[in-house]
Amino acid sequence: MTPPNPPLAVQATGLGRSFGDTVAVAELDLAVPTGAVFGLLGPDGAGKSTLIRMLATVLTPNTGSAAVFGHSVTGDRAAVKPLIGYMSQRFSMYPDLTVAENLEFFARVRGVSRSERNRRAATLLESMGLAEFSARQAQHLSGGMKQKLMLAATLMHAPQLLLLDEPTTGVDPVSRREFWRILAGLHQDGTTVIVATPYMDEAERCTQIAFIDRGRVQNQGTPAQIKAWVPGRLFEILAADPRAALAALRGLPEAASPHLFGDVVRVLWQRPDDPASTIVPALAGVGDVQVRPAEMDMESAFAFLAESATQAGAA
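## Notes on the packing of helix α5 (residues 143-155) against helix α6 (residues 173-188)
Move 1: Between α5 and α6, the shortest axis-to-axis distance is 9 Å and the interhelical angle comes to 20 degrees. For the element pair α5 / α6, the angle class is roughly parallel. Pair α5 / α6 crosses with right-handed handedness. Note on element contacts: α6 touches α5 through S175, E178, F179, I182, L183 and L186, opposite G144, Q147, K148, L151 and L155.
Move 2: Residues of the contact of α5 with α6, tallied by class, amount to 6 nonpolar, 3 polar and 2 charged.

## Examining the packing of helix α3 (residues 99-109) against α5
Move 1: α5 packs onto α3 with a crossing angle of 30 degrees between their chain directions and a minimal axis gap of 9 Å. With respect to α5, the element α3 is oriented roughly parallel. In this structure, α3 crosses over α5, and the sense of that crossing is right-handed. Listed contacts from α5 to V99, N102, L103 and F106 of α3 are L149, A152 and A153.
Move 2: Across the contact of α3 with α5, the residue classes tally to 6 nonpolar, 1 polar and no charged.

## Here we look at the packing of aromatic side chains
Move 1: Scanning the entire structure with this criterion turns up 4 aromatic pairs.
Move 2: For the pair Y94 and F105, a centre-to-centre distance of 5.1 Å together with 85 degrees between the ring planes defines the contact as edge-to-face. One end of the pair, Y94, is in the loop between β6 (84-87) and α3; the other, F105, is in helix α3, and 11 residues separate them in sequence.
Move 3: One aromatic cluster is present, built from ring pairs that chain together Y94, F105 and F106.
Move 4: Over the aromatic face of Y199 sits the side chain of R176, whose NZ or CZ is 3.9 Å from the ring centroid.
Move 5: The ring of F261 has R266 sitting right over it, with the charged end atom 3.8 Å from the ring centre.

## Looking at the pattern of salt bridges
Move 1: In this structure the tally under the stated criterion is 15 salt bridges.
Move 2: Residues R176 and D201 are paired through a salt bridge, measuring 3.3 Å at the closest nitrogen-oxygen approach. Pair noted here: R176 is in helix α6 and D201 is in helix α7 (residues 200-203), with a separation of 25 residues, a long-range link.
Move 3: A residue is classified by how much of its surface remains accessible, and R176, at 13% relative accessible area, is buried.
Move 4: On the accessibility criterion, D201 (40% relative accessible area) is partly exposed.
Move 5: The salt bridge partner of E254 is R271, with a shortest N-O separation of 2.7 Å. Within this pair, whereas E254 is found in the loop between α9 (242-249) and β12 (255-261), its partner R271 is found in the loop between β13 (264-269) and α10 (276-282), the two being separated by 17 residues in sequence.
Move 6: One network of salt bridges, with partners in common, ties together E236, R266, R292 and D297.

## A look at the nonpolar core
Move 1: Core analysis: the largest hydrophobic core is formed by 51 residues, its most contacted members being L151 and L164.
Move 2: Discounting chain neighbours no more than four positions away, the residues touching L151 are M87, M128, L162, L164, F179, I182 and L183.
Move 3: By size, the runner-up hydrophobic cluster in this structure holds 28 residues, among which are L40, M54, L59 and A196.

## A few points about the side chain of N102
Move 1: Within the fold, N102 resides in helix α3.
Move 2: The class for N102 is buried, based on a relative accessible area of 0%.
Move 3: Polar side-chain contacts of N102 include one of 3.3 Å to the backbone oxygen of L97.
Move 4: N102 has contacts with M93, Y94, L97, A138 and L149, leaving out every residue within four places of it along the chain.

Definitions and cut-offs
Residues numbered from 1 in each chain as written. Predicted model: local features only at pLDDT ≥ 70, side-chain atom pairs only at ≥ 80, totals over all residues. Heavy atoms only, no water. Axes fitted to C-alpha atoms, helices over the stretch in contact; angles between N-to-C directions. Helix = DSSP H or I, 4+ residues; strand = E, 2+ residues; numbered from the N terminus. Parallel < 35°, antiparallel > 145°, perpendicular 65-115°, else oblique. Left-handed = near helix turned anticlockwise from the far one by under 90°. Contact = heavy atoms within 4.5 Å. Nonpolar A, V, L, I, M, F, W, Y, C, P; charged D, E, K, R; others polar. Phe/Tyr/Trp six-rings, centres within 6.5 Å; stacked < 30°, edge-to-face > 60°. Lys NZ or Arg CZ within 6 Å of the ring centre and 35° of its normal. Salt bridge = Lys/Arg side-chain N within 4 Å of Asp/Glu carboxyl O. Buried < 20%, exposed > 50% of the residue type's maximum accessible area, 1.4 Å probe, protein only. Core = buried A, V, L, I, M, F, W, Y, C linked by side-chain atoms within 4.5 Å. Polar contact = N/O pair within 3.5 Å; in protein donor to acceptor, adjacent residues only side chain to side chain.

Here it is, written out as structure tokens:
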């Protein structure tokens with residue numbers, strides 16, 4: 001017997017939002033299962049932040065509809081707001097209040113009782129490693145600690161859906177890993193998470209991903225499915241001058257989506273033959289060149305999807 005599909009935490013149909021003549025989200029359809037860690041990927045200006053702000057009831061859609069656990073984000077905002085926790089890109093805590101005072105304030109705004117405020121604050125501060133800093137003013141926290149404080153404040157009313165807009169942008173790698181450890185714990189407890197992220201290692205941690213471009217969902221699936229949809233085989237080219245190698249590879253039709261990855265160039269080879277026999281002679285002008293196979297990852301999948309979307313938009 002096939003198990004039933006989990007209910008939807010979010011369902012959007014034909015969702016759209018414009019700012020004057022600029023279309024930020026265009027007739028977007030989206031379905032997010034309850035309990036998912038759902039990643040939103042896409043280039044700058046793709047519409048990710050606008051989508052999250054509409055789901056958070058911060059922005060009103062111009063067209064279409066969206067529901068959170070069955071409640072309309074436009075027609076039933078009073079029912080939606082207690083169910084969601086929204087964390088924007090910008091630090092939104094009061095800088096002159098302490099960590100504990102910020103949690104107290106935002107919990108009161110959300111109507112959390114005194115006994116629950118104290119219990120939840122103690123639990124959240126301990127789980128996020130902020131307990132010893134509870135008396136420190138928010139303005140004196142590090143970048144990673146500020147993000148954890150914002151997340152703690154967002155969680156004080158125990159929302160069922162977290163809406164996170166690039167929460168770790170500009171945060172050091174250690175703090176990013178710690179932040180995602182916390183998200184993994186929330187996921188295990190059944191919280192649904194929608195997170196926009198520019199980091200492909202974070203995308204790998206999601207249960208599902210939607211690639212958004214020009215305000216529409218272009219691809220959606222698990223990280224493994226997204227990577228499997230990318231055509232060709234991935235290869236890395238090592239050269240003394242990677243940028244010169246990249247420029248030369250852009251002239252090879254068989255080498256799709258060439259892009260820099262650290263100090264190597266990655267390409268998707270579109271033919272079944274050994275690419276070295278074509279690539280090495282083509283790069284003769286940039287010195288010694290080595291070609292080696294690589295395992296497909298989200299970084300290269302994103303590069304391919306972004307390039308394909310750009311080409312489609314120019315067509």
